[in-house]
Structure formats: C-alpha cells, structure tokens
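Coordinate analysis (summary)
One-letter residues, chain by chain:
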Amino acid sequence: MVMNSSISVPAFTICLDREVERKRYIAQHLSDFNIAFEFSNAVDGRMLSLKQKNEVYASKKAELMRGRKLADGEIGCFLSHYTIWQEMIKKNIATALVVESDAVFCRESVTSINALTAGQYDWELVMLYYRECFPSFWGQERITPQSKLVRFANKCSCTTAYLLTLSGAKKLVEKAMPICLPVDDYMTGGFINKGIDTFAVYPRTIHLTEDNEETSTIKQGVNSIKNLTENRRKKIAITKKAEKRVRYFSKQLKPGPWL
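These remarks concern the structure in this document. (Residues numbered from 1 in each chain as written. Predicted model: local features only at pLDDT ≥ 70, side-chain atom pairs only at ≥ 80, totals over all residues. Heavy atoms only, no water.)

1. Quick look at the sheet that holds strand E3 (residues 95-100)
Taken in spatial order, the eight strands make up an open sheet running E2-E1-E3-E8-E5-E9-E7-E6, and their pairing is mixed. Each edge of the open sheet carries a strand with a single partner, namely strand E2 (38-41) and strand E6 (141-142). (Pairing = 2+ DSSP bridges. Helix = DSSP H or I, 4+ residues; strand = E, 2+ residues; numbered from the N terminus.)

Here's what the structure looks like:
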C-alpha cells in the first residue's frame, strides 16, 4: 500500500484471500497509480454452510425476480460488497472507491475520480465500469475534457469499480437483505427502487483484465444455472430485445434518478 494517495477518498479492493496472483496484480496496479487502498477479503459463496446461506439468501424470491436461483459465487459477491457498505456506515466514511481485483485503471480514471470527489457534483453512486451504457440525453455534465457524468437509460451490469457516498451506502444496506438478486442487478438493475442517485462516468475510464472471463468463479456457477433455463429464455429473446430498445430510448428522453 502507498502512503500518499493520488485520490482523496478511501479505496477498498475486493479479492478472495486465496487468489494470490490477483491480489498481487491489483496491489501493484493500484500502486502504479499511487492509489492507497485496503483489501476487503471477498466472501467465497461456495464455502458458506447451508445455515449461513439460508440466513442471507431468499431462493424463491430470487427465482421470482430473476427467473433463476443465484449461484454460490453471486451470493458471495453480494456479501463482499455488502460488507464494505456496512463498513462505510460503521466508520462514517463520507465517500469511498470500491474496486474488484480485475480492474484496469488509466490516468483518466484518477482524474475523473478526483473531479467527482471534489464536491462540485451531486451524486450518491457513480459507476466507473459497466458493460454498456445508453446515456440519457439530459443532465449530462462535463467533469474532465475527456469524461462526462451521465445518467443511465439502461440496466447497468458489473460492479468492477464504483464511487459510493455514505448516504448511498445506507440506502443500499436498507433493502439488501435477504439477497434475491446478483449485486449489480440489485444496485443498478432497476428491480428494487432504493431511491439512490445513480450516475456513470462516460465513456468508461476503467476496464477489465484480459483474463477476467477465465478466472471468474462467479461466471462458471452462473453459466451452469443459466443452461437450465436456456430454452425458456430463447422463446422470449426477440420480444425482450425490442422491448428493451423502446425502454432505453424513453429513458434517454426522460431518465429516472435510479435504475
């Protein structure tokens, strides 16, 4: 860990304790950008006992809301982020950067983070990485010569890197339990209205390591579950795709404060 950080807010890095190479990579990578951080040991969902899982996870509600059960890795991932939200509340941390171990920064990442945490902009959650973004036409703000702060008009997938305020952490914790969604669906999927003011840095300034697909234990578990419902998904795919496009366009014209 470096002592003098290039960013002004605490940073938490999520990584399984046994993933030695990933820990080594992200520690060196963040050090290269002079970002001070502390590791937050990820929860390995596969190591949870049935009793532990039943205390935090609602299987029937997950099937109702998401159309399938959650993989053990998804439950563990949710708990890993939930632990940090709780830590922010416990320690009264005003703003924090949360990073998973497959994040790839650039100089613009640091510049945009500093711009957002300087106090000029009003937000509670800013996604720094996402799989895709249809930015709303309205409410866009220039934060650096290269980056804008925008609202999503679509569901945001992936929690590789985000900024979160204390008020945002409290709202996320309030409706988090029992777990019934993957953590990105819960945070930014629009399934549960948490009243959290959500934005994105556009275009992305943070990316993923090239091996993120191969090393993801979560994705392996999810794929095995998804295969069970693939036939049903194919039947609704065409209609769903058209409906999503209409919804994205309407939200581009009139976005809500949350997804």
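2. Observations concerning the pattern of salt bridges
This model, assessed by the stated rule, comprises 11 salt bridges. A salt bridge links Glu55 to Lys51; its shortest N-O distance comes to 2.7 Å. Of this pair, Glu55 and Lys51 are both found in helix H2 (residues 50-56), four residues apart, which corresponds to roughly one turn of the helix. For Glu55, a relative accessible area of 54% corresponds to the exposed category. The class of Lys51 is exposed, set by a relative accessible area of 58%. Asp72 serves as the salt-bridge partner of Lys53, at 2.7 Å between the closest nitrogen and oxygen. Here Lys53, found in helix H2, pairs with Asp72, found in helix H4 (residues 72-91); they are 19 residues apart in sequence, far enough to count as distant. Of the residues examined, Lys53 reaches a relative accessible area of 17% and is grouped as buried. (Salt bridge = Lys/Arg side-chain N within 4 Å of Asp/Glu carboxyl O. Buried < 20%, exposed > 50% of the residue type's maximum accessible area, 1.4 Å probe, protein only.)

3. Focus on the environment of His207
Within the secondary structure, His207 is located in strand E10 (residues 207-208). Since its relative accessible area comes to 36%, His207 is described here as partly exposed. The spatial distance from the C-alpha of His207 to the C-alpha of Ser109 is 9.8 Å, given a sequence separation of 98 residues. Excluding anything up to four places from it in sequence, His207 contacts Asp102, Ala103, Val104 and Tyr129. (Contact = heavy atoms within 4.5 Å.)

4. Considerations on the packing of aromatic side chains
On inspection of all chains with the given rule, the structure shows seven aromatic pairs. Consider the rings of Phe33 and Phe105, whose centres lie 6.4 Å apart with planes at 40°: the pair is tilted. Placement of Phe33 in the loop between helix H1 (20-32) and E2 and of Phe105 in the loop between strand E4 (103-104) and helix H5 (107-116) is noted, with a sequence separation of 72 residues between them. Using a relative accessible area of 12% as the deciding quantity, one classes Phe33 as buried. Residue classification places Phe105 among the buried residues on the basis of a relative accessible area of 5%. Here the aromatic rings of Tyr82 and Trp85 are separated by 6.3 Å at their centres, their planes lie at 75°, and the arrangement is edge-to-face. Of this pair, Tyr82 and Trp85 both sit in helix H4, three residues apart, which is roughly one turn of the helix. By way of ring pairs, the aromatic residues Phe78, Tyr82, Trp85 and Tyr186 are connected into one cluster. One residue, Lys23, lies across the ring of Phe39, its end atom 4.7 Å from the ring centre. Lys194 extends its terminal NZ or CZ atom over the ring of Tyr186, reaching a point 4.9 Å from the ring centre. (Phe/Tyr/Trp six-rings, centres within 6.5 Å; stacked < 30°, edge-to-face > 60°. Lys NZ or Arg CZ within 6 Å of the ring centre and 35° of its normal.)

5. Considering the packing of H4 against helix H6 (residues 166-174)
In the contact formed by H4 and H6, the axes pass within 9 Å of each other and the chain directions differ by 130°. Between H4 and H6, the angle falls in the class oblique. As H4 runs across H6, the sense of the crossing is left-handed. Residue-level inspection shows Tyr82, Trp85, Gln86, Met88 and Ile89 of H4 in contact with H6, the latter providing Leu166, Ala169, Lys170, Leu172 and Val173. By residue class, the composition of the contact of H4 with H6 is eight nonpolar, one polar and one charged. (Axes fitted to C-alpha atoms, helices over the stretch in contact; angles between N-to-C directions. Parallel < 35°, antiparallel > 145°, perpendicular 65-115°, else oblique. Left-handed = near helix turned anticlockwise from the far one by under 90°. Nonpolar A, V, L, I, M, F, W, Y, C, P; charged D, E, K, R; others polar.)

6. A closer look at the environment of Ala176
Residue position: Ala176 is located in the loop between H6 and helix H7 (183-188). With a relative accessible area of 2%, Ala176 lands in the buried category. Note: C-alpha distance between Ala176 and Phe78 (98 residues apart in sequence) is 9.0 Å. When sequence neighbours within four positions are dropped, the list of residues in contact with Ala176 reads Phe78, Tyr82, Trp85 and Tyr186.

Treat this as a map of the structure, not an account of what it does.
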